[in-house]
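Summary of structural features
One-letter residues, chain by chain:
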Amino acid sequence: MKKVSLSDLFLVFSKIGAFTIGGGYAMIPIIEAEMAKRGWIPEEEIPEIVVLAQSAPGLLAVNMSIYAGYRIRGVKGSIAATLGAIMPSFIIILLIAAVFTTIQDNPYYIKIFKAVRPVAIALILVPLFKMARKNSSWWEWALTAGTALGVSVLSVSPIVIIASVLIVASCIGLVREGRKR
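Predicted model, so just to flag it, every value in this text is computed and none were measured.

As a further point, take helix H4 (residues 60-103). Over its 44 residues, H4 runs only 30 Å from end to end, short of the ideal 64 Å by more than 12%, given 1.5 Å per residue. Residue Arg73 marks the point of greatest curvature in H4, where the axis turns by about 145°.

See below:
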């Protein structure tokens, strides 16, 4: 693979940041498509980027940009990708804040913002369904369904679920390792 220029990295992530409505989860399919199309990151590695980005504190979109940029060009790449991803939103928010006070009660703009909501929801759901389809065993499906039920219906903290899964998986690994001896 040829070396990717920092300006290319910045421009690609600027495009991703500019045309993604709905935050980090909505960025996943766009990042996946852009990275695979350019041959920068294999499609199979995108779920790893998502997991790493989710496990780090901060915004998912920023964390994904940091990791992807680092994977492509190191520290300078992570800076270029992150600035590219956040710059369009930053500029758009500044413009909206400057104009919003004059249009906040306009019924046409209220309708426009309400119309964008279903699109944002769909952009968030698509990567979730793609990741769920990659579950290959019954226990992965059970874990996915149990986690969704625990968080959405029972209001269990995701931290408790992650800690529980880590403990159970570690115990299973230790038992299996003990059987091999």
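There's more to say after this.
For the structure shown, the criterion picks out 0 aromatic pairs. Over the ring of Trp40 we find Arg38, and its NZ or CZ is 5.6 Å from the ring centre.

Turning our eyes to something else, we now look at the pattern of salt bridges. Evaluation of the coordinates by the stated rule reveals 4 salt bridges. Across the pair Lys37 and Glu34 runs a salt bridge, and its minimum N-O distance is 3.8 Å. A residue pair is termed a helical-turn pair when its members lie 3 or 4 positions apart in one helix, as Lys37 and Glu34 do in helix H2 (residues 24-38) at 3 residues. With its nearest N and O atoms 2.2 Å apart, the salt bridge here joins Glu34 to Arg38. Placement of both Glu34 and Arg38 in helix H2 is noted, with a separation of 4 residues, approximately one turn of the helix. Taken together, the salt bridges that share partners define one network made up of Lys15, Glu34, Lys37 and Arg38.

A few words on the packing of H2 against H4. At a closest axis distance of 8 Å, the pairing of H2 and H4 adopts a crossing angle of 30°. Contact residues: Gly24, Tyr25, Met27, Ile28, Ile31 and Met35 in H2; Leu60, Ala61, Met64, Ile72 and Ala85 in H4. The residue makeup of the contact of H2 with H4, split by class, is 10 nonpolar, 1 polar and no charged.

With that settled, consider a nonpolar patch on the surface. On the surface, a cluster of nonpolar side chains totalling about 940 Å² of accessible area is made up of Tyr70, Val75, Ile79, Leu83, Ile86, Met87, Phe90, Ile91, Leu94 and Leu95. The exposure class assigned to Phe90 is exposed, which follows from its relative accessible area of 51%.

Moving on, we come to the nonpolar core. Across soluble globular proteins, you tend to see nonpolar side chains buried next to one another. In this structure, Phe13, Ile31, Met35, Trp40, Ile41, Ile46 and Met64 are the most contacted members of the largest nonpolar core, which totals 23 residues. Where this core is concerned, the elements lending two or more residues are helix H1 (6-18), H2, helix H3 (46-55) and H4. Considering each element in turn, this core owes the most residues, 8 residues, to H4. Not counting residues within four places of it along the chain, the set of residues in contact with Ile46 comprises Ile28, Ile31, Glu32, Met35 and Ile41.

What counts and what doesn't
Residues numbered from 1 in each chain as written. Predicted model: local features only at pLDDT ≥ 70, side-chain atom pairs only at ≥ 80, totals over all residues. Heavy atoms only, no water. Helix = DSSP H or I, 4+ residues; strand = E, 2+ residues; numbered from the N terminus. Expected span 1.5 Å × (residues − 1). Bend = angle between axes of the 7 residues up to and from the residue. Phe/Tyr/Trp six-rings, centres within 6.5 Å; stacked < 30°, edge-to-face > 60°. Lys NZ or Arg CZ within 6 Å of the ring centre and 35° of its normal. Salt bridge = Lys/Arg side-chain N within 4 Å of Asp/Glu carboxyl O. Axes fitted to C-alpha atoms, helices over the stretch in contact; angles between N-to-C directions. Contact = heavy atoms within 4.5 Å. Nonpolar A, V, L, I, M, F, W, Y, C, P; charged D, E, K, R; others polar. Patch = residues over 30% accessible without salt bridge, like charges linked within 9 Å, V, L, I, M, F, W, Y side chains within 5 Å. Areas by Shrake-Rupley, 256 points an atom, 1.4 Å probe, with all protein chains shown as cover. Buried < 20%, exposed > 50% of the residue type's maximum accessible area, 1.4 Å probe, protein only. Core = buried A, V, L, I, M, F, W, Y, C linked by side-chain atoms within 4.5 Å.

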